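Residues per chain, in single letters:
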Amino acid sequence: MTKSGLIERVAELTSHISKKDTEIVVNRIFDSMTDALRRGERIEIRGFGSFQVKQRDAREGRNPKTGEEVHIPAKRAPFFKVGKELKELVDASEVESPSHNGND
Amino acid sequence: MTKAEIVEQIYEKVGFSKKESAEIVERVFDIIKETLKEGEKVKISGFGNFVVREKNARKGRNPQTGEEIRLDARRVLTFKPSLVLKNTLNGDETSGKVLD
């Protein structure tokens, strides 16, 4: 499912709100979350999970193709920790089904 | 930031009623959860992808006791942040999304 698919689905369930407005709100949700992470704030969505920014120190790396040494600067990276409810929900879905092993 | 604060932001930035905003916020996370429950990935452009991964059964060890344990096959959820989000966090406004 893509963001447009998500908007489509939300719009179906909230027929009293126009699709255009739904789109604005859905976009604003992810923009607000991005803003919060940029401020270094933690986001906690009950029953879903939490997002957090982690600081990665600068380090010396190597280009695996050429073997050349490269400097990797310090950076901030977003992390998601799945919430208990969602973790259980995902795991409870039928594991043994081979159709889920593909890239579909 | 919590869901309530996201609702607040929507109200402030786009002027939607808190009731409508809260309803959409709830739906958004519910739909994402339902989709992931079906094993389907959710791709939010500019933010990141939520992907359900299969983990094979394997033998593990209780790190405290050293006792060998069997870990069943399971499904886990992973989040892969988009390049846009990663760049935004590192102050790269040219390839990141321009925020107000």
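Residues numbered from 1 in each chain as written. Chains lettered and ligands numbered in written order. Predicted model: local features only at pLDDT ≥ 70, side-chain atom pairs only at ≥ 80, totals over all residues. Heavy atoms only, no water.

### Considering the domain arrangement of chain B
Residue and element names in this part refer to chain B. Spelled out, the test is: Domain limits in this description derive from either an automatic procedure or a database domain assignment. Whether two residues are in contact is decided by their heavy atoms: any pair within 4.5 Å suffices. Reported buried area values correspond to the accessible surface (1.4 Å probe) lost by two parts on association, with both partners' losses combined. Salt bridge criterion: a side-chain nitrogen from Lys or Arg within 4 Å of a carboxyl oxygen from Asp or Glu. Counting of polar contacts relies on pairs of N or O atoms within 3.5 Å, with two restrictions inside protein: one atom must be capable of donating a hydrogen and the other of accepting it, and residues adjacent in sequence are counted only when both atoms are side-chain atoms.
Domain parsing of chain B yields domain 1 (1-39) and domain 2 (41-95). Between domain 1 and domain 2, the residue contacts involve five residues of the former and six residues of the latter. Overall, the association of domain 1 and domain 2 removes approximately 500 Å² of surface from exposure, summing both partners, and the carbon and sulfur fraction of that is 74%. The largest contributions to the domain 1 side of the interface with domain 2 come from Ile32, Leu36 and Gly39, which together make up 83% of the buried area. In this structure, the connection of domain 1 to domain 2 is made through zero salt bridges. Between the two partners, domain 1 and domain 2, sit zero residue pairs in polar contact (both at pLDDT 80 or more).

### What about the nonpolar core?
Note the threshold: By nonpolar core is meant a set of buried Ala, Val, Leu, Ile, Met, Phe, Trp, Tyr and Cys residues that side-chain atoms within 4.5 Å join together. For the exposure calls, accessible area comes from a 1.4 Å probe over protein chains only, and a residue counts as buried if that area is under 20% of its type's maximum, exposed if over 50%, partly exposed in between.
Counting residues in each nonpolar core, the largest one holds 41 residues, and the members touching the most others are Ile29(A), Phe51(A) and Phe50(B). Split by domain, this core shows at least three residues from each of two domains, domain 1 (1-39) and domain 2 (41-95) of chain B. When neighbours within four sequence positions are excluded, Phe51(A) is seen to be in contact with Met33(A), Leu37(A), Glu41(A), Arg42(A), Ile43(A), Phe79(A), Phe80(A), Phe47(B), Phe50(B) and Phe79(B).

### Here's the deal with the sheet that holds strand S5 (residues 74-81) of chain B
Note the threshold: Only when DSSP finds a minimum of two bridges between them are two strands counted as paired. Think of it this way: any DSSP run of H or I at least four residues long counts as a helix, any run of E at least two long counts as a strand, and we number them from the N terminus. Only the stretch in contact is used when a helix axis is fitted, and all axes are lines through C-alpha atoms; the angle between N-to-C directions ranges over 0 to 180 degrees.
Judged by pairing direction, the sheet is antiparallel, and its three strands sit side by side in the order S1-S2-S5 (chain B) without closing on themselves. Edge positions in the sheet fall to strand S1 (42-44) and S5 of chain B, since each of these pairs with one other strand and no more. When strand polarity is set aside, the average angle formed by the axes of neighbouring strands in this sheet is 25 degrees. The sheet contact formed by strand S2 (residues 48-55) of chain B and S5(B) spans eight bridges and is antiparallel. Paired with Arg53(B) across the two strands is Val76(B), which belongs to S5(B). Packed onto the sheet, helix H3 (residues 84-92) of chain A meets S2 and S5 of chain B and runs at close to 125 degrees relative to S5(B).

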